[in-house]
Amino acid sequence: MYISTFHLMPHRELPDDFEKRYPPVWVTPPFHELADARRVGQYYNWTLDELIYAAKAGSDGICTNEHHQNAYGFMPNPNVMGSVLARATQDLNCAIVQMGASLPGTQPPVRIAEEYAMLDSISGGRLVAGMPLGTPMDINICYGVTPIEQRERFREAHDLILKAWTSKDVFAWNGKYFQLPMVNIWPRPIQHPHPPIWIPGSGSTSTFDYTASHDYCYCFLSYFGYKSVSRPVRDKYWEVCQQNGRDLNPYRMGFLQLVGVSETDAQAEKDYAKHVEYFYHKGLHVPLEWFGVPGHQDYKSLSNAMRNPAAAQNISSLKDKRYKDFLDDGYVMCGSPATVRDQLRELCRTMRVGNLMVLLHIGSMPHELTLKNIDLFFKEVAPALRPMWEDEWENRWWPAGLRRETLQGAAA
Amino acid sequence: MTTITDRRVSVWQDKIRSNVKVAGSGPPLVFLHGAGGLRWDPFLDLLTTRHTVYAPEHPGLTEGEEDAVSHLDNLWDLVLYYYELFDVLGLKSVPVIGHSFGGMMAAELAASNPERVSKLVLMCPIGLWRDDAPIPNWMLITPASDMVKYLVYDPAGPLAQQMFGTPDPEMQIRLIWSMACTGKFVWPIPDKGLKKRIHRIQAPTMVLWGKQDKLVPAVYAQEFAGRIAGATVELIDQAGHVFATEQPERVAALVEDFLR
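The sections below set out a description of the structure shown in this document. Please read all numbers here as calculations on a predicted model, not as lab measurements.

Another point: the interface of chain A and chain B. Accessible area lost upon the coming together of the parts serves often as the stated size of an interface. Contacts between chain A and chain B engage 18 residues on the former and 19 residues on the latter. Tallying contributions element by element places helix H11 (residues 299-307) of chain A first for the side of chain A that touches chain B, with five residues. Residue classes in the side of chain A that touches chain B are distributed as 10 nonpolar, four polar and four charged.

Encoded structure:
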């Protein structure tokens, strides 16, 4: 098992009545009313410090991602963060997991090929190249990309990036969405032929198929745990893998889980309850319809989603739930090290997850509590999970220089 | 009761097979539907008494042909696609009535090749933009149940109830996909340069608007008419964006008068 620490870089101090008084947390929240630029600078620095702290505590990877115009998580360019992280973790065997720069919203997409190659260079070959499709809010609304073209644009951008990384020759790119006369990017990635590619997603069948057919790692970014929507996702995903002739290597699957560790279950409630509620009530204060902007899903995915409204119900019922509900439904795993350990082991076994991502800063959590969570997680929880899958499978989706067998070989 | 025939036509190197609803008798006219899809209503029924109405489904909206829209990259493709469709239907020069998104397409067809459109009826078309009267993006309206307030004059009345009262998943899938396939050509702002081409329209033109249209405000009626030589404007009182569905007799009479 490889465990990475994810961070969203949210606004940590939204007013208590935010979700009642304000428009959605995404796209339209008024910055000048809700935030202070200097204070936001502090959030960014806390975020960087927390991720570096996690790397030092033993996190196998650290993750940042891209979102726009919101208070839920606002790193418009994750590579700006990744660059600092790559430099600050120079002496650690920690992957820089960019989850990442959104392909359909970056023009021209060779920009991502270049920035990722820079990160791979600075980090000495520690980059994991996440290739997100992007949410409708980010890509369609904030960046104006036509929804029905988003997936096709993503696919063309992906092909262009791969060719830009690997081609020995200068080439012309005559695509539908991008035309470039002479592509020859500098620098090129250290990892050969290119860094491992992860595709984050939220359960759409088209993305399963794309990921499996390309032999990449699919990362299910669920805020709803694994109990509700995740089991059908698991069954469908592994089914699609097999249809594509792939093995059942659990490192083909990443999963994001919200985690809070304390000394005891009771202490965990004291520590995390209000931050968990903040995250779900304020951080996901987004109209349901925006997750399904017409055209963002292709016809097949749209039909599946409308006929199986489980995911939609999860989103629309969030504001009625309290900490205990989020805990009971498995959206979050909070408790003593033993509680969290058992639940995570169950999650990874059930879903067949090899690349676990944990969100250890949740919503309004202050810096010190985040450090405590990171400490306890990597001291008391992570060591027990690491041996999972270890003997049977190789993590082919991890930077080769950071795989445990490589590190152990180097040490011996 | 009008007999409506479904006619599958194959165009665009046989890559697109769209359904065209055909009904009535008499000289032909073409009706281009709005972003919500083709809904055969009493207004179209009334037109069939004097005309043969051809109502094509926008590419991608014909059942089983959902991918068809992927063969048209942009507005230019879509305009040429319609000329081909007219060819297959044997319509050399024909009156075209377009509603909302279909209105924009009707204007584009009349501007690009004035010979193909003999008369033009623009029913609250999109396609022009004023910063002082921004058109809300109908694909982003939340909650979705608010849509009715933008479209219907009396959102509590029986028509609103009939149109939006009991949404079932299949209907919602069709509606969302319809907005996706039409939205392809106008996202994210419905201004794709018609203002540079609209002066080329030569067809006698009538602009119709619901006076209380909350989606595309009635100020746009003059915006269109002022750019088309000889165009007339009729405002329908106590009517919203779907005024022809709200007042079918009145609107059908205006159209028939104009086409006579």
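Following the structure, the description resumes.
Within a beta sheet, neighbouring strands are joined by backbone hydrogen bonds and run either parallel or antiparallel to one another. Residue and element names in this part refer to chain B. In spatial order, the strands read E1-E2-E4-E3-E5-E6-E7-E8; together these eight strands make up an open sheet with mixed pairing. Only two strands of the sheet have a single neighbouring strand rather than two, namely strand E1 (4-11) and strand E8 (232-236). Pairs of neighbouring strands in the sheet enclose a mean axial angle of 20 degrees, with direction left out of account. Pairing of E1 with strand E2 (residues 16-24), which is carried by eight bridges, proceeds in the antiparallel orientation. Residue pairing across strands places Ser-10 opposite Arg-17, the latter belonging to E2. Across the sheet, helix H3 (residues 101-112) is in contact with strand E3 (28-32), strand E5 (94-99) and strand E6 (117-123); its angle to E5 comes to roughly 145 degrees.

This next bit is on H3 of chain B. Residue and element names in this part refer to chain B. Look at H3: 17 Å from first C-alpha to last across 12 residues, which is about the 16 Å you get at 1.5 Å a residue. Of all 12 residues that make up H3, 11 are buried, and the element is covered over most of its length. Along H3, the residues classified as buried are Phe-101, Gly-102, Gly-103, Met-104, Met-105, Ala-106, Ala-107, Glu-108, Leu-109, Ala-110 and Ala-111. Looking at the packing, one finds that the buried side of H3 touches E3, helix H2 (75-88), E5, E6, helix H6 (169-183) and helix H7 (194-197).

Here we take up unusual backbone geometry. As a rule of thumb, non-glycine residues mostly have phi less than zero, and peptide bonds are mostly trans rather than cis. A cis amide bond links Thr-142 of chain B to the next residue, Pro-143 of chain B, at an omega of -15 degrees. Mapped onto the secondary structure, Pro-143 of chain B falls in the loop between E6 and helix H4 (147-151). A cis geometry characterises the amide bond from Trp-187 of chain B onward to Pro-188 of chain B, with omega recorded as -10 degrees. Its location among the elements puts Pro-188 of chain B in the loop between H6 and H7. One non-glycine residue, Asp-215 of chain A, lies in the positive phi region at around 65 degrees. Relative to the helices and strands, Asp-215 of chain A resides in the loop between helix H8 (205-214) and strand E8 (217-221). Given 16 C-beta atoms within a 10 Å radius, Asp-215 of chain A is considered partly exposed.

What follows concerns the packing of helix H5 (residues 110-123) of chain A against helix H7 (residues 150-166) of chain A. Residue and element names in this part refer to chain A. As a packed pair, H5 and H7 sit with axes 8 Å apart at the nearest point and diverge in direction by 45 degrees. One element, H5, and the other, H7, form an angle in the oblique class. Of the two elements, H5 crosses H7, and the hand of that crossing is right-handed. Facing Val-110, Ile-112, Ala-113 and Ala-117 of H5, the residues of H7 in contact are Leu-160, Ile-161, Ala-164 and Trp-165. Residues of the contact of H5 with H7, tallied by class, amount to eight nonpolar, no polar and no charged.

Rules behind the numbers
- Residues numbered from 1 in each chain as written.
- Chains lettered and ligands numbered in written order.
- Predicted model: local features only at pLDDT ≥ 70, side-chain atom pairs only at ≥ 80, totals over all residues.
- Contact = placed C-beta atoms within 7 Å.
- Helix = DSSP H or I, 4+ residues; strand = E, 2+ residues; numbered from the N terminus.
- Nonpolar A, V, L, I, M, F, W, Y, C, P; charged D, E, K, R; others polar.
- Pairing = 2+ DSSP bridges.
- Axes fitted to C-alpha atoms, helices over the stretch in contact; angles between N-to-C directions.
- Expected span 1.5 Å × (residues − 1).
- Buried ≥ 20, exposed ≤ 12 C-beta atoms within 10 Å, placed from the backbone.
- Parallel < 35°, antiparallel > 145°, perpendicular 65-115°, else oblique.
- Left-handed = near helix turned anticlockwise from the far one by under 90°.

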